[in-house]
Amino acid sequence: MPLITRPRLRPIIALTALTALACQEVPRAAQTARGPTVAPAGTEPAPAAPIAAETAEPAPEPAPLPPVSPGLELQDEPYAEARAKFKTKLISTDPAPQSYQNVPPPPGAREISYLSGGLKLKAWVSEPPADGRRLPAVLFLHGGFAFALDDWEMAERYRDAGFVVLMPMLRGENGLPGGFSMFFHEVDDVLAAADALAKLPYVQPDRLHVAGHSVGGTLTLLAAMGSDRFRAAASFSGSPNQIDWSSGHTRLIPFSPYDIREFQIRSPVAYATSFRCPVRLYHGLSGEERFFGPASQRLAVLAQRSGLDVKVVPVAGDHFTSVPEAMRQSIEFFREQQRQPP
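Worth saying up front: this structure is predicted, and the values here are computed from it rather than measured. The numbers attached to residues start from 1 for each chain and follow its sequence in the written order. Restriction of local features to residues with pLDDT of at least 70 applies here, the model being predicted, together with a cutoff of 80 or more for giving and counting side-chain atom pairs; totals for whole chains, interfaces and linings are based on all residues. Hydrogen atoms and water are omitted, and side-chain values are computed over all heavy atoms in the structure.

Student: Explanation requested: the nonpolar core in the structure shown.
Tutor: A general trend in soluble globular proteins is that nonpolar side chains are found buried together. In these notes, a set of buried Ala, Val, Leu, Ile, Met, Phe, Trp, Tyr and Cys residues joined through side-chain atoms within 4.5 Å is what counts as a nonpolar core. The buried label goes to any residue with under 20% of its type's maximum accessible area, the exposed label to any with over 50%, and the partly exposed label to all in between, with areas taken from a 1.4 Å probe on protein chains only. Counting residues in hydrophobic clusters, the biggest one holds 99 residues, and the most contacted among them are Leu139, Phe140 and Tyr158. Counting from the N terminus, the helices are DSSP H or I runs at least four residues long and the strands are E runs at least two residues long. Counting residues per element, this core draws most heavily on helix H4 (residues 185–198), which supplies nine residues. Working rule for contacts: check all heavy atoms of both residues, and any pair within 4.5 Å makes them a contact. Look past the residues within four positions of Tyr158 in its chain and what remains in contact with it is Val138, Phe140, Phe163, Val165, Ala211, Ala234, Phe236, Met327, Ser330, Ile331 and Phe334.

So, in structure tokens, the structure goes:
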């Protein structure tokens, strides 16, 4: 049976007006005065040492903090705890909103099943190496709302770099069971796929990484907050702010568009201090990629202020042409993290 491909459906991205950066001032540390030194009784006082002028450098100003949609301010509760307690109220249980054509895996890949809750889902995974070695692995999350052959091809650089790649199909995609919940129940599927990847006999379970493009980039950020399984995470044009992302496309929203809490639990920017591994947020510099800059920068600044290794990395190109270079950089990033102690 010949392989059947389909034209790539570009992910839907809402472009909103970007307001000016809001800078926050932090008072500089006050200089402390020196008190006099008193000599012990019966002794001659030591000659007074010259008092050096204060030369301490002032504390650097913090990075500016871009504004955010009301309701998506930084939350005190960790994402994993908030999500475990949250009950989404879906008003639609339709399949994922994108057409698809199922195709057989190409040479070098095989299809497996994995369980997420009570759902039996599918994934493509690299064939085991011929020499029987255990290899580091990347859980790669595709863009859009359906899986296609070109998603598998996008992750070829990871396979060429010596990573086992597993790419899951999520609930409601490609004819699979379950309904679309827009970045909520899909996180369960991502973490279940990570469990399946870690159990493969040719994978090093302590060297798992997660990466994804567009919709998959958003899920990458949420997965890196929801589990400590990953060594590192790389998001390519993921959306930290789902209010902005879905603006003008309310037909995609499967819950009440007036419920701010539903958006909050799906927006990484509201839980920027919850990352449980180092993270890089890559995005392009042209076209609709300007949408990702301010929200990504806000997320990174908040994370860095809590001592987390989270950085934004702009890359030349648009939503698709920026990915090869971003992925090359992410491979270097992943290898660097592999050299760190578990």
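Student: What is the right way to read the pattern of salt bridges from this model?
Tutor: Oppositely charged side chains can pair when the atoms bearing their charge come close. We define a salt bridge as a side-chain nitrogen of Lys or Arg found within 4 Å of a carboxyl oxygen belonging to Asp or Glu. Following the criterion strictly, the structure yields 13 salt bridges and no others. Two residues, Lys122 and Glu111, come together in a salt bridge whose shortest N-O distance is 3.8 Å. Here Lys122 is found in strand E2 (residues 119–126), whereas its partner Glu111 is found in strand E1 (residues 109–116), with 11 residues between them in sequence. Owing to a relative accessible area of 34%, Lys122 belongs among the partly exposed residues under this scheme. Asp195 serves as the salt-bridge partner of Arg229, at 2.7 Å between the closest nitrogen and oxygen. With Arg229 in the loop between helix H5 (215–226) and strand E6 (232–236) and Asp195 in helix H4, the pair connects residues that are 34 residues apart, well separated along the chain. On the basis of relative accessibility, which here comes to 31%, the residue Arg229 falls in the partly exposed class. Classification of Asp195 as partly exposed rests on a relative accessible area of 31%.

Student: It is not clear to me how empty space enclosed by the protein should be interpreted in this structure. Could you clarify?
Tutor: Regions of empty space are outlined by a rolling probe, equal in size to a water molecule, passed over the atoms. Whether a set of points on the 1 Å grid over the protein atoms alone is a cavity depends on a 1.4 Å probe fitting there but being unable to get out, while an open set qualifies as a pocket with protein on both sides within 12 Å along at least five of seven lines; lining residues are those with an atom within 4 Å of a point. Grid points are joined across faces, edges and corners, and a volume is the space filled by probe spheres set on the points. Scanning all chains against the criterion turns up three cavities of 30 Å³ or more. Here the largest cavity is characterised by a volume of approximately 60 Å³. Lining the largest cavity we find Ala96, Phe145, Leu170, Arg171, Glu173, Phe180, Met182, Phe183, Glu186, Val215 and Leu219. In the lining of the largest cavity, the residues fall into eight nonpolar, no polar and three charged. For this classification, Asp, Glu, Lys and Arg are treated as charged, while Ala, Val, Leu, Ile, Met, Phe, Trp, Tyr, Cys and Pro are nonpolar and the rest, including Gly, are polar.

Student: Sorry, what's going on with the packing of H4 against H5 here?
Tutor: Packed helix pairs are characterised by how far apart their axes lie and by the angle those axes make with each other. For helices, the fitted line uses only the C-alpha atoms of the stretch in contact; every axis is such a line through C-alpha atoms, and the angle between N-to-C directions lies from 0 to 180 degrees. Relative orientation of the contacting elements H4 and H5 amounts to 70°, with a least axis distance of 10 Å. As judged from the angle between their axes, H4 and H5 are roughly perpendicular. Crossing hand, H4 versus H5: right-handed. For the pair H4 and H5, contact is made by Glu186, Val187, Val190 and Leu191 and by Leu219, Leu222, Ala223 and Gly226, respectively. The residue makeup of the contact of H4 with H5, split by class, is six nonpolar, one polar and one charged. With respect to orientation, any angle under 35 degrees is reported as roughly parallel, any angle over 145 as roughly antiparallel, any angle of 65 to 115 as roughly perpendicular, and every other angle as oblique. In a left-handed crossing the near helix is turned counterclockwise from the far helix by less than a right angle, and in a right-handed crossing that turn is clockwise.

Student: Just to check I follow, could you spell out the pairing of E6 for this structure?
Tutor: Along a regular strand, successive side chains alternate from one face of the sheet to the other. Most of E6 is tucked away, with five of its five residues classed as buried. Every second residue of E6 is oriented toward a common face, with Ala232, Ala234 and Phe236 on one face and Ala233 and Ser235 on the other, all of them buried. The crossover handedness rule: strands pointing away from the viewer, path from first strand over the helix to second strand clockwise, crossover right-handed. In the classification by handedness, the crossover that spans strand E5 (residues 203–213), the intervening H5 and the parallel E6 is right-handed. The pairing criterion is simple: DSSP has to find at least two bridges between the two strands. Both E6 and strand E7 (residues 279–284) contribute to a ladder of four bridges, which runs parallel. Its bridge partner being in E7, Ala234 is matched across the sheet by Arg280.

Student: Where do I start with the sheet that holds E1 in this structure?
Tutor: Hydrogen bonds between backbone atoms are what pair the strands of a sheet, whose relative direction is either parallel or antiparallel. Pairing is mixed in the open sheet, where eight strands are placed in the order E1-E2-E4-E3-E5-E6-E7-E8. Only two strands of the sheet have a single neighbouring strand rather than two, namely E1 and strand E8 (310–315). In this sheet, neighbouring strand axes are inclined to one another by 25° on average, regardless of whether the strands run parallel or antiparallel. Both E5 and E6 contribute to a ladder of five bridges, which runs parallel. If you follow Ala211 over to E6, its bridge partner there is Ala234. On the sheet, H4 packs against E1, E2, strand E3 (135–141), strand E4 (164–168) and E5 and is oriented at approximately 120° with respect to E1.

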